[in-house]
Amino acid sequence: MTGFWSAWVIGLTIITLILLVWLLFATRKIKVERDDNTTGHVYDGIVEEDNPLPAWWFNMFVLTMIFGVGYLIAYPGMGSFQGMLGWSSANEHDRRAQELEESFASSISEFHGLGVEQLAANDRAVNMGRRLFSTNCSVCHGSAGQGGFGFPKLDDNDWQWGGSPDQIVHSIAKGRQAMMIAWKDILGPQNLPLVASYVASLSEGAAARNNISSVAPADLAKGKDLYMKNCVACHGADGSGNQLLGAPALNDDIWLYGGSLSEIQVSFSAGRNGQMPAHQGLLSDDKINLIAAYVLSLSADQ
Amino acid sequence: MNDKIPLQEWAPAEVEELDLYEKREKIYTRKIEGFFQKIRQYSGWPLLLGYFVLPWLQWDDRQAVLFDLPARKFYIFGLTIWPQDLSILALLLIIAAFGLFLVTTVAGRVWCGYTCPQTVWTAIFMWIEQKVEGTRNQRIKLDKQEWSLQKLAKKSAKHGMWLWVAFSTGFTFVGYFTPVYELGWQVYSFSMPLTPLSWVVFFTLATYINAGWMREQVCRHMCPYARFQSVMFDPETLIVSYNPNRGEPRGSRKKGTQPSDLGACVDCQLCVQVCPTGIDIRDGLQYECIACALCIDACDSIMEKMNYPKGLISYTTENAIKTNTVEHGVKLLRPKVLVYSTVLCVMASVFAWRVFSIESLELNVLRDRQAVNAAVAPGMVENRYTLKIVNKNDESKLISLSLDAPEALQLVGAKQIELQPAEVVSFPVRVQAPIEQVTGLVLPIVFVISDGNRQYTHESRFIRSER
């Protein structure tokens, strides 16, 4: 609030308060000309009888005004004046959030210090993890961890960044940044379908679906040649990927961005930048462990 | 030209200043015995006893009546009311309101005069006052006296006892919302946390001030019900009324005589002295009158002494007074009575039905709206749902989950869920089908949960979508 508007609000507030006090005291008594138990006021033949309000009513008015002044001194209200108590809605939010964190921490104290694998074997811990997952993770990964286009499926045993408890905790806490650069100009536009066909041929399911057997062997060999020159460093000679780099396996039939020829081609020609945001600082370590336990329990059934 | 407007002279009127606020004049109520006072006492004791004893009763290892606001659960003996059953509370309030309307239309302000806590606690406080400070005249004298040790002793004894009653009331009230045994121990050991403490103090002070100091001011200036009751009145409503046809002209006389120029009212002022709201019932029906009938008791006692027939002040109706018929009787077939009782019966039936049909398990199904295109195996179509299951039982339940849908649709994942006592679970489930076996775009499906004894169902939709 600028100085002018602050002064404007303060001025209006003070003038209103003074006017209200004046109004209350000025109308406390009226002058009447008659003594017939009316106030002397007649409107269209209707006479106003004198039915006085109780005196404590008046005192309550005065009390509310004193309260109002006290409130404006203690709490923010007068323009940009913050009040003597230093109360603010942001502080209030932080205080409540901290209270909540503390009560939550005490309610999961029994799980404190346990490893993710131990937690995954504990039904109560997994239930808690599921609730935390619903609140914090399901927006991208789905309500049951089933994933979606561009968001990894968590209820299978395929892991882009590794499925050990430590790796899962790392993925949640520190986040992950995948880096598939755009290969269009490097490979040359005419070569893109060839590479796509070769990549699809690595996976049995994708090969069958995309009818790779009808692709000319020479084209497939050209694609393989390009793959071996450009892609093998991250995705491996057999397309088994590299969890350290977050390079997905290409020889299974799990496709984060779709497994049709055109989708595969789009992925590597335009590049992909999948990002898992870091949750350290957003979630306590205990919460991260509980979520990791739930994620681990999802794939344990498979 | 002599068309002058005639001059009129006005003497300046007497101008006087009028205060629009009036200091409360203390009402010294005279004690009176009689039929209606007895009714109040005999109906009041069981109610008071109930109020003070109820929170201490136990039911199945818990407090029998507890309104647990933080946990959002109301326990009333065998019944546990969850937030999901809140409509029961609304129905209860509607029933209470229409009950009040009906009674008021038929019998006037019975609630105010006999059962309203303000009246009952004021009566208790007046009783203490009478015991400590003496009769009406003694109290007036005491208040006029200079301060003395004796006056101080009486006054502090009175206020001490008032505060003690007020504290018991406030403590008991908070005991309906907080486990009362715990609360009792906290009082005993001076270790009450701030929140219950401030509520106990609040209700103690509210009782003390309302029943000790405010009294009729509450009914006259604070209670909304007192002000809108007039809309329920009609000429056949029972009211406490003086019969001016019989009473006027009033005047004093010797005992046992009936001067020919006077009515039955001996103008003894007793009806005014016993009135807790400080009105003169002989002025007619007034909004201050809470229909406590103390003036009837007072007048009847005088009529008895005078050997006159009783009932100069009585429960009667506007029509009875107007037509001057003693035996007017109560007419019940009036539109207001019929409408109020009809609504009351309907609401009571709905209430009873709702209470008896409270389910001990509750199932809700939310279809997952995000990410229609899930990464499922090629050729399969999948829909996700979140089941919200509420276990309202005090024991854990093993729930089995199944699907009532075309055979192609299959539930994926866990089909049994264990629910802790009083647990609310959000359980994600997935339903899959081979896409070529799904006919139509939208299939109605039904989720079924069973605890072994009973099945609970909830409908949803399965949507076929291809990416």
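Since the model is a prediction, treat every value here as computed from it, not as a measurement.

## Quick look at the overall build of chain A
Across its full length, chain A carries 14 helices and six strands. A globule of 302 residues ought to have a C-alpha radius of gyration of about 19 Å, yet chain A, at 36 Å, is considerably larger. Seen through its C-alpha atoms, chain A measures out along the principal axes to roughly 120 × 50 × 40 Å. Buried residues in chain A amount to 37% of all 302 residues. Long-range contacts, defined here as pairs at least 24 residues apart, represent 63% of the contacts in chain A between residues at least 6 apart. In the form shown here, chain A has an accessible surface area of approximately 17400 Å², with 61% of it arising from carbon and sulfur atoms.

## Focus on the domain arrangement of chain A
All names here are of chain A. As assigned here, chain A comprises domain 1 (3–87), domain 2 (93–177 + 277–300) and domain 3 (184–273). Placing the centre of domain 2 and that of domain 3 at their C-alpha centroids yields a distance of 32 Å. Of the residues lining the interface, 14 residues belong to domain 2; the matching set on domain 3 comes to 15 residues. Summing both sides of the interface, domain 2 and domain 3 together bury roughly 950 Å²; the carbon and sulfur share of this comes to 53%. Where domain 2 packs against domain 3, one counts zero salt bridges. Applying the counting criterion to the domain 2 and domain 3 interface returns three residue pairs in polar contact (both at pLDDT 80 or more). A per-class count over the side of domain 2 that touches domain 3 returns five nonpolar, seven polar and two charged.

## Notes on the sheet that holds strand S6 (residues 73–76) of chain B
Residues and elements named next belong to chain B. Taken in spatial order, the three strands make up an open sheet running S5-S6-S7, and their pairing is antiparallel. Because the sheet does not close on itself, it has two edges, and the strands there are strand S5 (65–68) and strand S7 (79–81). Ignoring which end each strand starts from, the neighbouring axes of this sheet average 10 degrees apart. Alignment of S5 against S6, held across four bridges, turns out to be antiparallel. Across the sheet, residue Phe67 finds its bridge partner in S6, namely Phe74.

## Focus on the interface of chain B and chain A
Interfaces are often described in size by the accessible area the parts lose on coming together. Across the contact, 32 residues belong to chain B and 40 residues belong to chain A. When chain B packs against chain A, the two sides together hide about 3200 Å² of surface, and 53% of this comes from carbon and sulfur. Broken down residue by residue, the surface that chain B buries against chain A is led by Leu18, Leu20 and Tyr21 of chain B, which jointly contribute 22%. Linking chain B with chain A are three salt bridges, by the criterion used here. The shortest N-O distance in the salt bridge between Arg28 of chain A and Asp19 of chain B comes to 3.9 Å. Partitioned by chemical class, the residues of the side of chain B that touches chain A number 14 nonpolar, six polar and twelve charged.

## Here's the deal with the packing of helix H1 (residues 35–53) of chain B against helix H13 (residues 294–306) of chain B
Residues and elements named next belong to chain B. Axis separation between H1 and H13 bottoms out at 7 Å; the angle between their running directions is 140 degrees. Classified by the interaxial angle, the pair formed by H1 and H13 is oblique. Contacts between H1 and H13 involve Phe35, Phe36, Gln37 and Arg40 from the first element and Leu294, Ile296 and Asp297 from the second. For the contact of H1 with H13, the class distribution of residues is four nonpolar, one polar and two charged.

## What to know about the confidence of the model for chain B
Across chain B, the average pLDDT comes to 88, with 96% of residues at 70 or higher. With pTM at 0.77, the complex prediction returns an ipTM value of 0.72.

## Things to note about the environment of Trp147 of chain B
Residues and elements named next belong to chain B. Topologically, Trp147 is positioned in the loop between helix H5 (136–144) and helix H6 (149–175). On the basis of relative accessible area, Trp147 is assigned to the exposed category, the value being 58%. Excluding residues within four positions of it along the chain, Trp147 makes contact with Leu152 and Lys155.

Scoring rules and cut-offs
Residues numbered from 1 in each chain as written. Chains lettered and ligands numbered in written order. Predicted model: local features only at pLDDT ≥ 70, side-chain atom pairs only at ≥ 80, totals over all residues. Heavy atoms only, no water. Helix = DSSP H or I, 4+ residues; strand = E, 2+ residues; numbered from the N terminus. Rg over C-alpha atoms; globule rule 2.2 N^0.38 Å. Buried < 20%, exposed > 50% of the residue type's maximum accessible area, 1.4 Å probe, protein only. Contact = heavy atoms within 4.5 Å. Areas by Shrake-Rupley, 256 points an atom, 1.4 Å probe, with all protein chains shown as cover. Domains from an automatic or database assignment. Buried area = accessible area lost by both parts, 1.4 Å probe. Salt bridge = Lys/Arg side-chain N within 4 Å of Asp/Glu carboxyl O. Polar contact = N/O pair within 3.5 Å; in protein donor to acceptor, adjacent residues only side chain to side chain. Nonpolar A, V, L, I, M, F, W, Y, C, P; charged D, E, K, R; others polar. Pairing = 2+ DSSP bridges. Axes fitted to C-alpha atoms, helices over the stretch in contact; angles between N-to-C directions. Parallel < 35°, antiparallel > 145°, perpendicular 65-115°, else oblique. pLDDT = per-residue confidence, 0-100.

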